[in-house]
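Chain by chain, the residues run as shown.
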Amino acid sequence: MASTAAGKQRIPKVAKVKNKAPAEVQITAEQLLREAKERELELLPPPPKQKITDKEELNDYKLRKRKGFEDNIRKNRTVISNWIKYAQWEESLQEVQRARSIYERALDVDHRNITLWLKYAEMEMKNRQVNHSRNIWDRAITILPRVNQFWYKYTYMEEMLGNVAGCRQVFERWMEWEPEEQAWHSYINFELRYKEVDKARSIYEKFVMVHPEVKNWIKYANFEEKHGYIALGRKVFERAVEFFGEDHISESLYVAFARFEEKQKRYFERVRVIYKYALDRIPKQQAQELFKNYTVFEKRFGDRRGIEDVIVSKRRFQYEEEVKASPHNYDAWFDYLRLVESDADADTVREVYERAIANMPPIQEKRHWRRYIYLWINYALYEELEVKDPERTRQVYQACLEVIPHKKFTFAKIWLLYGQFEIRQKNLQNARRGLGTAIGKCPKNKLFKGYIELELQLREFDRCRKLYEKYLEFSPENCTTWIKFAELETILGDTERARAIFELAIGQPRLDMPEVLWKSYIDFEIEQEEYENTRGLYKRLLQRTQHVKVWISYAQFEMSIDSDDRIQRCRQIYEEANKSMQGCEEKEERLMLLESWRDFEEEFGSFANKDRVRKLLPEKVKKRRKITAEDGSDAGWEEYYDYIFPEDAANQPNLKLLAMAKMWKKQQQQEDEKEQEEEEEEEQQVPQGKEAQESSEPEEQEPVEQEPAVNREQTENDYDDRDDDDESSSSSDSESDSDHKDDKDKTEQTKADEEKQ
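Residues numbered from 1 in each chain as written. Predicted model: local features only at pLDDT ≥ 70, side-chain atom pairs only at ≥ 80, totals over all residues. Heavy atoms only, no water.

Undergrad: In this structure, what is going on with the overall build of the chain? I would like to understand it.
TA: On a plain count of helices and strands, the chain comes out with 37 helices and two strands. Summarising the internal contacts of the chain: among those between residues at least 6 apart in sequence, 51% fall at separations of at least 24. As displayed, the chain offers around 48,000 Å² of accessible surface, 49% of which is attributable to carbon and sulfur atoms. (Helix = DSSP H or I, 4+ residues; strand = E, 2+ residues; numbered from the N terminus. Contact = heavy atoms within 4.5 Å. Areas by Shrake-Rupley, 256 points an atom, 1.4 Å probe, with all protein chains shown as cover.)

Undergrad: In this structure, what is going on with the side chain of K62? I would like to understand it.
TA: Mapped onto the elements, K62 comes out in helix α3 (residues 55-75). Although buried, K62 forms no salt bridge, and the nearest oppositely charged side chain, E95, lies 4.1 Å from it. In this structure, K62 is in contact with W89, L93 and E95, ignoring residues within four places of it in sequence. (Buried < 20%, exposed > 50% of the residue type's maximum accessible area, 1.4 Å probe, protein only. Lys, Arg positive; Asp, Glu negative; His and termini not counted. Salt bridge = Lys/Arg side-chain N within 4 Å of Asp/Glu carboxyl O.)

Undergrad: Would you mind showing me how to read the nonpolar core here?
TA: Side chains of a nonpolar character, in soluble globular proteins, are inclined to be buried together. In terms of nonpolar packing, the biggest core is built from 97 residues, with W333, I373, L375, I414, L517 and L593 touching the most fellow members. The biggest single contributor to this core is helix α20 (residues 366-387), with nine residues. Apart from the residues lying within four places of it in its own chain, the contact partners of L593 are V548, W551, I552, Y574, A577, N578 and M581. If you look at the next biggest cluster of nonpolar residues, it comprises 74 residues, including A106, L116, Y254 and Y275. (Core = buried A, V, L, I, M, F, W, Y, C linked by side-chain atoms within 4.5 Å.)

Undergrad: Which parts of the structure should I look at to understand the packing of aromatic side chains?
TA: Between two aromatic rings, the relevant description is the distance of the centres plus the angle of the planes. Going through the model one piece at a time under the given rule, you end up with 28 aromatic pairs. Arranged with centres 4.8 Å apart and planes meeting at 5°, the rings of Y353 and Y379 form a pair that is stacked. Taken together, the positions of Y353 in helix α19 (residues 346-357) and Y379 in helix α20 put the pair 26 residues apart, joining distant regions of the chain. Each member of the pair, Y353 as well as Y379, carries the same accessibility label: buried. Taken together, the aromatic side chains of W151, Y152, F171, W174, Y187, F190 and Y194 make up a single cluster linked through ring pairs. Geometry around F411 places K366 over its ring, the cationic atom sitting 5.1 Å from the centre. (Phe/Tyr/Trp six-rings, centres within 6.5 Å; stacked < 30°, edge-to-face > 60°. Lys NZ or Arg CZ within 6 Å of the ring centre and 35° of its normal.)

Undergrad: Can you help me understand unusual backbone geometry in this one?
TA: Trans is the common state for peptide bonds, and a negative phi is the common state for residues other than glycine. At Q94, a position not held by glycine, the phi torsion is positive, near 65°. Structurally, Q94 is set in the loop between α4 (80-92) and α5 (96-109). Positive phi is not limited to glycine here, since K195 has a value of about 60°. Take K195: it is sitting in the loop between α10 (181-193) and α11 (197-210).

Undergrad: Would you explain the side chain of E181 in this entry?
TA: For E181, the position within the fold is in helix α10. Beyond its immediate sequence surroundings of up to four residues, E181 is in contact with F207, H211, E213, K215 and N216.

Undergrad: Would you mind showing me how to read the pattern of salt bridges here?
TA: Opposite charge on two side chains allows them to pair when their charged atoms are near. Going through the model one piece at a time under the given rule, you end up with 30 salt bridges. Linking R139 and E104 is a salt bridge whose minimum nitrogen-to-oxygen distance equals 3.0 Å. Taken together, the residues R139 in helix α7 (residues 130-143) and E104 in helix α5 connect sequence positions 35 residues apart. Taking relative accessible area as the criterion, E104 reaches 24% and is therefore assigned partly exposed. Two residues, R173 and D138, come together in a salt bridge whose shortest N-O distance is 3.2 Å. Note that R173 is positioned in helix α9 (residues 164-175) and D138 in helix α7, a separation of 35 residues in sequence. By relative accessible area, which is 30% here, R173 ends up partly exposed. Here the residues in one salt-bridge network are D347, R350, E383, D389 and R392, joined through shared partners.

Undergrad: I keep staring at helix α29 (residues 531-544) and nothing clicks. Help me out?
TA: Between the first and last C-alpha of α29 there are 20 Å, a value that for 14 residues agrees with the 20 Å anticipated at 1.5 Å per step. Those residues of α29 not exposed but buried are T534, R535, L537, Y538, L541 and L542. Projection of α29 onto a plane perpendicular to its axis shows the buried side chains occupying an angular sector of 160°, all on one side. Seen from the open side of α29, the exposed residues pointing more than 90 degrees away from its buried face are E532, Q543 and R544. Structurally, α29 contributes buried residues whose contacts are with α28 (514-527), α30 (548-560) and α31 (566-580). (Expected span 1.5 Å × (residues − 1). Arc of directions from axis to C-beta.)

Undergrad: Is there a simple way to explain the packing of helix α6 (residues 114-126) against helix α8 (residues 148-160) in this structure?
TA: Helix packing for two helices is described by the angle between their axes and how far apart those axes are. Direction vectors running N to C along α6 and α8 enclose 10°, while the axes themselves pass 11 Å from each other. With respect to α8, the element α6 is oriented roughly parallel. Facing I114, W117, L118, E122 and M125 of α6, the residues of α8 in contact are Q149, F150, K153 and M157. Split into classes, the residues belonging to the contact of α6 with α8 amount to six nonpolar, one polar and two charged. (Axes fitted to C-alpha atoms, helices over the stretch in contact; angles between N-to-C directions. Parallel < 35°, antiparallel > 145°, perpendicular 65-115°, else oblique. Nonpolar A, V, L, I, M, F, W, Y, C, P; charged D, E, K, R; others polar.)

Undergrad: I'm lost on the packing of α9 against α10 in this one. Help?
TA: Between α9 and α10, the least distance of the axes is 11 Å, while the angle of their chain directions is 155°. Comparing the axis directions of α9 and α10 gives the class roughly antiparallel. The element α9 and its partner α10 pack so that their crossing is left-handed. Between α9 and α10, the residues in contact are V164, C167, R168, F171, E172, W174 and M175 and A183, W184, S186, Y187, F190 and E191, respectively. The class makeup of the residues in the contact of α9 with α10 is nine nonpolar, one polar and three charged. (Left-handed = near helix turned anticlockwise from the far one by under 90°.)

Undergrad: Help me understand helix α13 (residues 230-244) in this model?
TA: Every α-helix carries 3.6 residues per turn, so stepping three or four residues along brings you back to the same face. If you check α13, its first and last C-alpha atoms are 21 Å apart, about what 15 residues at 1.5 Å a residue would give, namely 21 Å. Of all the residues in α13, the buried ones are G233, R234, V236, F237, A240, V241 and F244. Along the axis of α13, the buried residues cluster in a sector spanning 155°; they form a single face. For α13, the exposed residues lying more than 90 degrees away from the buried face are A231 and E242. In this structure, the buried side of α13 is in contact with α12 (214-226), α14 (251-263) and α15 (268-281). G245 sits one or two residues past α13 and shows a positive phi near 65°.

Undergrad: Would you take a moment to explain the environment of Q546 for this structure?
TA: Take Q546: it is sitting in the loop between α29 and α30. Along the backbone, Q546 and S580 are 34 residues apart, and their C-alpha atoms lie at a distance of 7.9 Å. When near neighbours in sequence (up to four residues on either side) are disregarded, Q546 contacts W551 and S580.

Undergrad: Honestly, the environment of I80 in this entry has me stumped. Any pointers?
TA: Relative to the helices and strands, I80 is located in helix α4. Owing to a relative accessible area of 8%, I80 belongs among the buried residues under this scheme. On a C-alpha basis, the gap between I80 and D110 in space is 8.1 Å, while along the polypeptide they are 30 residues apart. If we ignore the near neighbours within four places in the chain, the residues touching I80 are D110, N113 and L116.

Undergrad: Sorry if this is basic, but what is going on with the confidence of the model for the chain here?
TA: Detailed reading of the predicted model is not advised wherever pLDDT is low. Residues at a pLDDT of 70 or more form 82% of the chain, whose mean pLDDT is 77. In the model, residues 1-7 has pLDDT below 50 throughout and makes one contact with residues more than four positions away in sequence or in other chains. When the criterion is pLDDT under 50, residues 686-752 qualifies, and its contacts beyond four places in sequence or with other chains add up to 72 contacts. (pLDDT = per-residue confidence, 0-100.)

Here's what the structure looks like:
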């Protein structure tokens, strides 16, 4: 127990805090610091310094100190700081032998302690014990050869003593252990301080073998260059290139090699060869600095062609990496081909084109082939326009047409370009054969149009007729084809044939744009001045559709004819249109017809006709209707504009009754407001005679003032802001309100009579 108490201090028990709530009075950090500062005054002063006056006191002092140091060492031998303090104390008393003995005892305890060796050697050096110091350093580097600090101290001591041979010997012993790079540089710098260049070169030779890194080879070459050995420096770079080879090629090595040659200012072609050699072998992502230096070199010492070559080669490497990473990235191929076409020869361009078209889309869907097919188109155009090789161009087109899966989809552009190419080569038979094959294999609208356009340019009208017939067999619902066919016959002067084509067209059961077809047929008859046929067409069209634009166009047609009864005919068409559209749900179309009729009468009609049409115009009314959401819930109300035509209002008498009810309701409201104003005036008037006179005056003025109210009600009645359901409900509400107001008027009248009496 005693040993335990002596060796370890007991840790006091920490009191458990039951109440963890914050104290009422909080203490700040500043208060704690101030209190701690004040309590320093309470510390006991240090003991007074003792002065030793005689030898006996000194011996007693030494004995006490040594006993204390020995006790501390005996308590814990592994604490090296106790040994160092003990030895330094003995050293301070000039007891070197005792201090040496203490260090030796400490080394027996822990011979791997670096600090102990350093303190021991420093003590010997301070006391100029050179041989002892050498002995200590030798022992240290023998026991701990990987501790570089011992070697640095040892070599420094030998050099300071002027023992160059001994220092070199220590360095040689050190290099046998193949230390880190800084140790080799220290050795080299040591030799250079004494002008031993050859020995430094031999050290570099060993150094680059022990640490075969690019930066070390570059340092070796720079060393040779610095001392004027240009040929040896070049040889070092060449050895480095061979040493690393193509498997471990480095960008920085070639950059340094090129800069080395550039500094000589005579071998610019050698520099260019180095850069190109490196660019051909280093991947693009690792050669950014190389490209940059090469560009700077060409700008400084090269011509324009050299600069362009640098830029082109750099971009070529970029595109090569892109197409290798993603072979189906056709945009990258387009950019690459554009670059190659601008700079390379025909064989190189063909090689790149062949590589590009070899990357067919993996899926036979047209959207994946759209970009790919332009590779073939550009290839063919390059062969035709740049190389001027028609036979190879023909082969490119034929190979492309064989690659496309025509049973699933095709590209009309390829067929048409092939046909146009054959025509440029004056080979009309091949062009027709190719386009005929296209129409037979995979007919498309664009193919028919292109083939017909080609024959039209060649003025082969019989072939155009046959192609139109095939086109209409393929797509009979295409109105544009019927119109173009009829226009062709019209241009050729065969109107009967054109009319027959139009008749066949309008007789088709399904058309994509019938209104365009009818308009073209009508315009054709008008151009031929066949007005009866035109009227017949309008009547046939109106049997199929009652669209307002057809009626208006019919009326305008009649007005355009130079005849005596054209106005009467036009007015008759408007009347028929109005009658036919009375049951039409599209009120905007009916309004459009009436407005057109009104404009016509304004220009050509009499006053009676103008007034008649004006009475037919509808009344614009704002209404409200309920909005139902998608889930069926009520989404509120929305306002919209409706048109009430006079003819429809005459057929619905409820509208007139509702308007009269609303007018009566507003009259009652105005009367109530006037009576309230009269009562307020009576209260303000004090004499009764004046009150009677003022009360009689409004009664006389009531019928005069009601007349404009009625007029206002009639004008306001024109603006209806409710739908039919609201109007019916509002009429019932107005009746109940009017009964209540009648009773109120009677009571107020009796009160007024009593006051007068």
